[in-house]
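Residue-level structural notes
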Amino acid sequence: MTSELIDPPDVDPADVEPALHDDEPHGEGLRSRLNWLRAGVLGANDGIVSTAGVVVGVAGATTDRTAIMVAGVAALVAGALSMAAGEYVSVSTQRDSEQALLAKERRELAEEPEEELAELAQIYVDKGLSPELAQQVAVELTAHDALGAHAEAELGIDPDELTSAWQAAWASMVAFTVGALLPLLTILLVVADLRVPITMVSVAVALALTGWTSARLGYGPPGRAVLRNVGGGVFAMVVTFLVGSALGTTIG
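Quick notes on the rules
The residue count restarts for each chain, going from 1 along the sequence in the order it is written. Per-residue local features are limited, in this predicted model, to residues with pLDDT of at least 70; the limit for side-chain atom pairs, both in listing and counting, is 80 or more; totals at the level of whole chains, interfaces and linings are taken over all residues. Only hydrogens and water are set aside; all other atoms, that is, all heavy atoms of the structure, feed into the side-chain values. Only DSSP runs of H or I covering at least 4 residues are called helices, and only runs of E covering at least 2 are called strands; the numbering of each starts at the N terminus. Accessibility here uses a 1.4 Å probe with only protein chains present; expressed as a share of the type maximum, an area under 20% marks a residue as buried, one over 50% as exposed, and anything in between as partly exposed. Here, residues are in contact when the closest pair of their heavy atoms is within 4.5 Å. The Shrake-Rupley method, run with a 1.4 Å probe, gives the accessible areas here. Residue values count only the displayed protein chains as cover. In this text, buried Ala, Val, Leu, Ile, Met, Phe, Trp, Tyr and Cys residues form a nonpolar core when linked through side-chain atoms within 4.5 Å. pLDDT is defined as a per-residue confidence score from the predictor, taking values between 0 and 100. Using a 1 Å grid laid over the protein atoms alone, points where a 1.4 Å probe fits but cannot get out form a cavity; open sets with protein on both sides within 12 Å along at least 5 of 7 lines form a pocket; any residue with an atom within 4 Å of a point counts as lining. Grid points are joined across faces, edges and corners, and a volume is the space filled by probe spheres set on the points. Note on residue classes: Ala, Val, Leu, Ile, Met, Phe, Trp, Tyr, Cys and Pro are nonpolar, Asp, Glu, Lys and Arg are charged, and everything else, Gly too, is polar.

Re the overall build of the chain
- Each helix and strand in the chain was counted, giving seven helices and zero strands.
- Scanning the chain from its N terminus toward the C terminus, one meets helices and strands in the order α-α-α-α-α-α-α.
- Counting every position in the chain, which comprises 252 residues, the buried fraction comes to 32%.
- Put simply, 73% of the contacts in the chain that link residues at least 6 apart link residues at least 24 apart.
- Entry remark: accessible area of the chain is about 15,600 Å², with carbon and sulfur atoms responsible for 63%.

Here you go:
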């Protein structure tokens, strides 16, 4: 399949106002904010699914509200702390790597400025600019912010947007806890005969919401994301309920 070449419009860019679309936001830190929002939605989603699986599974084995509450609270606390610890380790490792790469780039810019400038210009040539324009762009960006220009072009890193490991850990823990509270409170507050079906329905609705939100944040098709999210969550609850029922019957 060949790509069609489109000639650029014959206008002076200086005479045209940049287009601002409501569904295409721009601004500093946009990618970071979207990543935080997406991480929060996914953390809440994990809290909903994992805790719902535990409480529904226990409810399949026993109608004892205390046993269900203990299992649910334990799942919430363990899951929230696990999410926080995992996010902290993951982001810390990523941040350490990014800082090491930035330190290397600073050293190269100080020791080999000409070679770094040529490398930056070649990157823009590879992206489609003419050698003359690429050289001009490299010179001007280096004069403006050498480290920022090289880090973005060579490493895909913004030195001003390194994620905080502690903030990531707290955000994941809070998101997981908020998500986990829905199935836990639902199954505890509903009468025994209806607690499992009502919990499953409420969880399915919540998963539809998180699936739709994550799709919108990622500019993807919401219908497919909702089906995947709800289908996976319902499957997990059905399986854990059947396992709990089998174990409750056998042990009881």
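Thoughts on the nonpolar core
- Counting 23 residues, the largest nonpolar core has Val55, Val56, Ile68, Ile187 and Val203 as the members making the most contacts within it.
- Within the residue set of this core, elements represented by two or more residues are α1 (30-61), α2 (65-111), α5 (165-189) and α6 (195-217).
- At seven residues, the largest contribution of residues to this core is made by α5.
- Here isoleucine 68 is in contact with Val55, Val58, Ala59, Thr62, Ile187, Leu188 and Arg195, once residues within four sequence places are set aside.
- Counting residues in each nonpolar core, the second largest holds eight residues, with Ala121, Ile123, Tyr124 and Ala134 among its members.

Topic: the confidence of the model for the chain
- With 84% of its residues at a pLDDT of at least 70, the chain reaches an overall mean of 84.
- Mean pLDDT values for the elements of the chain range from 83 in α1 up to 92 in α5.
- Note on residues 1-6: pLDDT under 50 across the span, and zero contacts to partners over four residues away in sequence or across chains.
- pLDDT under 50 marks residues 24-28. Its contacts with residues more than four places away, or in other chains, come to six contacts.

Looking at the environment of threonine 213
- Positionally, threonine 213 belongs in helix α6.
- Along the backbone, threonine 213 and arginine 38 are 175 residues apart, and their C-alpha atoms lie at a distance of 8.4 Å.

Section: the environment of glycine 57
- Examined against the element boundaries, glycine 57 turns out to sit in helix α1.
- Owing to a relative accessible area of 11%, glycine 57 belongs among the buried residues under this scheme.
- Residues glycine 57 and glycine 244, 187 residues apart in the sequence, show an inter-C-alpha distance of 4.6 Å.
- Apart from residues lying up to four places away in sequence, glycine 57 is in contact with Ala52, Thr240, Phe241 and Gly244.

Here we look at the layout of surface pockets
- If you add up the space inside the second largest pocket, you get close to 260 Å³.
- Along its surface, the second largest pocket is lined by Tyr124, Leu141, His144, Asp145, Leu147, Gly148, Ala149, Glu152, Ile157, Asp158, Pro159 and Asp160.
- Considering every element that reaches the lining of the second largest pocket, the biggest residue donor is helix α4 (residues 131-155), with seven residues.
- Here the residues of the lining of the second largest pocket sort into six nonpolar, two polar and four charged.

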